[in-house]
Structure formats: structure tokens, C-alpha cells
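An overview of the molecular structure
What follows is the residue order along each chain.
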Amino acid sequence: MRILFIGDIVGKSGRDIVSSLLYSLKERYKADLIIANGENAAHGKGITYKIYKQFLAQGIDYITMGNHTYSKAEINDHMAEMDKLVVPYNHIKRSSDNYYKLIEFGGIRFILTNILGNILIGESSMDAPSAFIEVLEQTKNLKPDFYFVDLHAETTAEKRLFAEYFCDYAKVVIGTHTHVQTADEAIINGCAFITDSGMCGAYDSIIGRDVDETIQFHINKQPTRYTIAEGPAIFCGVLIDIDDKTKTPVSIERIQIRPKENQD
Ligand SMILES: [Fe+2]
Ligand SMILES: [Fe+2]
């Protein structure tokens, strides 16, 4: 089984690059399943029901989230219908049980879950290891072959630590949230891992946000709106290969496609 994971999709630029590349990437990489992080899809913060449905129509199978899960209030009105959405287990605002999905494909059964780190993430109710131990306990009756964790966290160390400690259970640990793709993809004791899968969003930006506005906010201490950058986008993701017989990952590959004018 081959899974394409798409990093945080940020605003319109991110949505546009995903919709324009998705079909060709699915064909080129022969992906059986596509999972995307959609926590920034609606103007940088959260997701709307309309965008959720657009993602599914484009071929994304499951959407994971992050600290911005509840930024668009309407999400709570549609939560029951959004059965392909996976929200962080340890988000302080979580009120539904859709923090995991049991996915069955080609004889492989795995649980997709979403966990927040708690270093520099104010929306987290507990640290990631404590949260995952609770998820393991609450889903153990499902007896999955392994867990696929979107680990939505700020710091590099807490993500690597998580993969090292839980590699017997979490066979795939993909970092999200920083929007900057790291070059450390590896199989760690049987666990396909990357510290951060990166983002799909405007290339000329500060992690997806408008550069001038971010300078106004951080350097000049000016009040600003949260403006998402526009323009040609970078696409980031990873491809994970799971052996159908051993039901363990055999490879993880980074995908990063920059706008034509920014390619070497
Ligand atoms: Fe994000
Ligand atoms: Fe985030």
C-alpha cells in the first residue's frame, strides 16, 4: 500500500496547487490513499465544510487537522457529517470522537490519528506521549496492524522522541505544523518518520503568511489582520510505502515541488 501525505494546505494558494497537482501526483506515484493536513485551508486558519467537500471531491481520502481545527466556528455544525476528518485528540476544544479513523486497505488495518505537541502550542490539553497512550488505550479493541500519527507539533525534538518511543505501535509518524519541510525522513526501528512534511502554500511568504504584514506585526509591533500570502505555491508532502505482507513501512520519500521560477 502506498500513501501520499500532503503537508499543511495554507489558504487559496495552497488549495490551488493541491487541486492542480493531485491527479498527476496520484498517477505518477500510484498512491492508493491520500491524506492531507487541512488545518490552514480556510484563509490560513481552520477549514470550512465547503472546502472539506472540495478536498474529498478532488481525491483526498482523509483530512487531519491541528491547533487551528476550530478556528472556523461553522465546523462544529458539520462535525457529524465530516466523517473523513480527523481532529487532534488532545485539543482543548475537542468535543467529538473523531480523533481517529480505522482504515482498511488491501488486507492492512491501521488507525489514523492526530496528536498535538504541547510545546509552544496553546491549544494542547496534554503532552503528545500522554495523549497517544490514551488513544492506544481507547482504541485497543480495534486491534489495528499499526497507527499512523499526524504529530502536529512545533519542536523537532518532541517529534523525534515520539517516533523513537512509540515505534512498536506507531509505524508512521508524520510531523506537521511548522510548514517547513525537514530533510530527515527515515525508517526508525520500523517507523516511517519525518519531523515535518512541510506546507502547500505561497512560496513567497513567511510559512504561508504575507511577508510585509508579518514584518509589521513582529518588527514594528503594529496591529494587523491575519493575511495569507498569495502567488505561486510550493507543494510539500511525503510518500510512504507499506509492505502488504509484513504490514510495515519499507520506505518514506519526500516530495517538494517549488514554483517554476524558484526551481534550480
Ligand atoms: Fe499549519
Ligand atoms: Fe498548526
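Read on for an overview of the structure.

What counts, and at which threshold
- Just so you know, the residues in each chain are numbered from 1, in the order the chain's sequence is written.
- Labels follow written order: the first chain is A, the first ligand is 1, and so on.
- A pLDDT threshold of at least 70 governs which residues receive local features in this predicted model, and a stricter bar of 80 or more applies before side-chain atom pairs are shown or counted, although totals over entire chains, interfaces and linings include all residues.
- Helix and strand assignments come from DSSP, with helices taken as H or I runs of at least 4 residues and strands as E runs of at least 2, each series counted from the N terminus.
- Comment: burial labels come from other C-beta atoms within 10 Å of the residue's own C-beta, placed from the backbone, where a count of 20 or more is buried, 12 or fewer is exposed, and between is partly exposed.
- Our contact criterion uses C-beta atoms placed from the backbone: two residues qualify when those atoms are within 7 Å.
- By definition, a nonpolar core groups buried Ala, Val, Leu, Ile, Met, Phe, Trp, Tyr and Cys residues that connect through C-beta atoms lying within 7 Å of each other.
- The directions from the helix axis to the C-beta atoms are what the arc is built from.
- The pairing criterion is simple: DSSP has to find at least two bridges between the two strands.
- Looking down the strands as they point away from you, a crossover is right-handed if its path from the first strand over the helix to the second goes clockwise.
- For every element, the axis is a line fit to its C-alpha atoms; helices are fit only across the contacting stretch, and the angle between N-to-C directions ranges from 0 to 180 degrees.

**Notes on the overall build of the protein chain**
Summing up its helical and strand segments, the protein chain has six helices and 14 strands in all. Referenced to the eigenvectors of the C-alpha coordinate spread, the extents of the protein chain come out at roughly 50 × 40 × 35 Å. When the 264 residues of the protein chain are sorted by exposure, 47% land in the buried category. In the protein chain, the proportion of contacts linking residues at least 24 apart, taken out of those at least 6 apart, comes to 65%.

**Observations regarding the nonpolar core**
One finds Val86, Val149, Ala170, Val172, Val173, Cys200 and Ile240 to be the most contacted residues of the largest nonpolar core, which totals 73 residues. Among the elements that take part in this core, strand E13 (residues 233-242) stands out by supplying eight residues, more than any other. Contacts of Cys200, omitting those with residues within four sequence positions, involve Ile6, Gly7, Ile9, Val10, Gly14, Ile17, Val18, Ala233, Ile234, Phe235 and Cys236.

**Points about helix H5 (residues 156-166)**
Because the α-helix completes a turn every 3.6 residues, residues three or four places apart line up on one side. Residues of H5 that are buried include every one of Glu158, Lys159, Phe162, Ala163 and Phe166, and no others. Across the axial projection of H5, the buried residues extend over an arc of 135°, all falling on one side.

**Points about the pairing of strand E9 (residues 170-176)**
Within E9, seven of the seven residues are buried, which leaves the element mostly enclosed by the surrounding structure. Summarising the sheet, strand E8 (residues 146-152) and E9 pair through six bridges and their orientation is parallel. For His152, the partnering residue across the bridge sits in E9 and is Thr176. Where the polypeptide runs from E8 across H5 and back to E9, its parallel neighbour, the crossover connection is right-handed. Sheet topology note: the E9/strand E11 (residues 191-194) ladder contains three bridges and is parallel. Opposite Val172, over in E11, you have Ala192 as the bridge partner.

**As for the sheet that holds strand E7 (residues 108-116)**
Strand order in this open sheet of six strands is E6-E7-E8-E9-E11-E10, and the pairing throughout is mixed. Strands with a single pairing partner mark the edges of an open sheet, and in this sheet they are strand E6 (100-105) and strand E10 (186-188). Strand after strand, the sheet turns through a mean of 25° between neighbouring axes, direction not considered. The sheet contacts of helix H4 (residues 128-139) involve E6, E7 and E8, and relative to E7 the element is tilted by about 145°. With respect to the sheet, H5 is in contact with E8, E9, E10 and E11, its orientation differing from that of E9 by roughly 175°.

**Considerations on the environment of Ala186**
One can find Ala186 in strand E10. Look at Ala186 and you get partly exposed, because 14 C-beta atoms sit within 10 Å. C-alpha separation for the pair Ala186 and Ile252, spaced 66 residues apart in sequence, amounts to 6.4 Å.

**Section: the environment of Ser125**
Tracing the backbone through its elements, the reader meets Ser125 in the loop between E7 and H4. Here the alpha-carbon distance between Ser125 and Tyr89, two residues 36 residues apart in the chain, equals 9.0 Å. Once residues lying within four places of it in the same chain are set aside, the contact partners of Ser125 are Asn90, His91 and Ile92.

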